[in-house]
Amino acid sequence: MHRRRRTALLLTAAIAAAAPLLTACGNDAHPGAAAVVGGERITVSQLENRVDEVRAAQRAAVPDEAQYQQAIARTGSLTRDTLHGMVLDRVLERAARDAGVSVTPREVQEMRAGLEQQAGGAEGLEAAWLQQYGIPPQRLDDNLRLQLQAQKLAQRLGTDTSRPEFWKALSEAGKELDVDVNPRYGSWDAEKSSRVDAKTPWVRDVTSAGTQQTL
């Protein structure tokens, strides 16, 4: 596999794995918010719209009903995963800004061109990102910018994205932003570096197909 494609794939997986570094206070102090990051709300409506984008892309890619239901089953935690990704995007933005790291549109397009060549074209790349990472086509450039931010931040720190120094920078940025996640979308167990999903019996499964919820 081409080195640049391999790096991008590793970064995508690494960013997803980094989410447990964020601590959710879970006090539900912001009604109507799925999360609050740096004093800015990620609303339930915004979260639902992002999830709908993924589901619409999956439906377009897999028109057969049975296969579509299988795709839903494989991404049963999509709502929570999407929210955690949205939070982590903002944390990485802060960490990159603190380190003086920026990414230009040209760099994103160059990365995309290289990945498209490896994937056999734009459609192949979009299909791969949707299937493997739940990234719909309209969010692909944003995700690639995230990959580049992570890579350049690691380089600025003199390390790589697999090293503790990189994750420490994200953890510090998360503390600066005072991340607060609504408990219905789970919480973080920093010691175990794993997500702890909400078990509250009166909270319905927000990832069920066709379910719309408000706080």
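Located above this text is the structure these notes cover.
What comes next concerns the included structure. (Residues numbered from 1 in each chain as written. Predicted model: local features only at pLDDT ≥ 70, side-chain atom pairs only at ≥ 80, totals over all residues. Heavy atoms only, no water.)

**Considering the environment of Gly186**
Next up, step 1: Counting through the fold element by element, Gly186 comes out in the loop between strand E3 (180–181) and strand E4 (187–189).
Next up, step 2: Its relative accessible area of 3% is what places Gly186 among the buried residues.
Next up, step 3: Taking the C-alpha atoms as reference points, Gly186 and Asp81, separated by 105 residues in sequence, lie 9.8 Å from one another. (Helix = DSSP H or I, 4+ residues; strand = E, 2+ residues; numbered from the N terminus. Buried < 20%, exposed > 50% of the residue type's maximum accessible area, 1.4 Å probe, protein only.)

**Considering the pairing of strand E2 (residues 40–43)**
Next up, step 1: Pairing geometry for strand E1 (residues 33–37) and E2, over four bridges, is antiparallel. Looking at E2, one finds that Val37 is bridged to Glu40.
Next up, step 2: From the end of E1 to the start of E2, which pair antiparallel, there are two residues, and Gly38 there has a positive phi angle of about 60 degrees. (Pairing = 2+ DSSP bridges.)

**Focus: unusual backbone geometry**
Next up, step 1: Of note in this structure, Asp178 is not a glycine but carries a positive phi near 55 degrees.
Next up, step 2: Among the structural elements, Asp178 can be located in the loop between helix H8 (164–177) and E3.

**Things to note about the sheet that holds E1**
Next up, step 1: Reading across from one edge, E2-E1-E3 is the order of the three strands in this open sheet, with antiparallel pairing throughout. Of all strands in the sheet, those with a lone pairing partner are E2 and E3, marking the two edges.
Next up, step 2: Most of the contacts of helix H4 (residues 78–98) go to E2, to which it runs at about 155 degrees, and overall it touches E1, E2 and E3. (Contact = heavy atoms within 4.5 Å. Axes fitted to C-alpha atoms, helices over the stretch in contact; angles between N-to-C directions.)

**Focus: helix H2 (residues 44–61)**
Next up, step 1: Helix length check: H2 (18 residues) gives 26 Å between terminal C-alpha atoms against 26 Å at 1.5 Å per residue, within 8%.
Next up, step 2: Inspection of H2 places Val44, Leu47, Glu48, Val51, Glu53, Val54, Arg55, Ala57 and Gln58 among the buried residues, and these make up the whole buried set.
Next up, step 3: Where the residues of H2 are buried, they touch E1, E2, helix H3 (65–74), H4 and helix H6 (122–133). (Expected span 1.5 Å × (residues − 1).)

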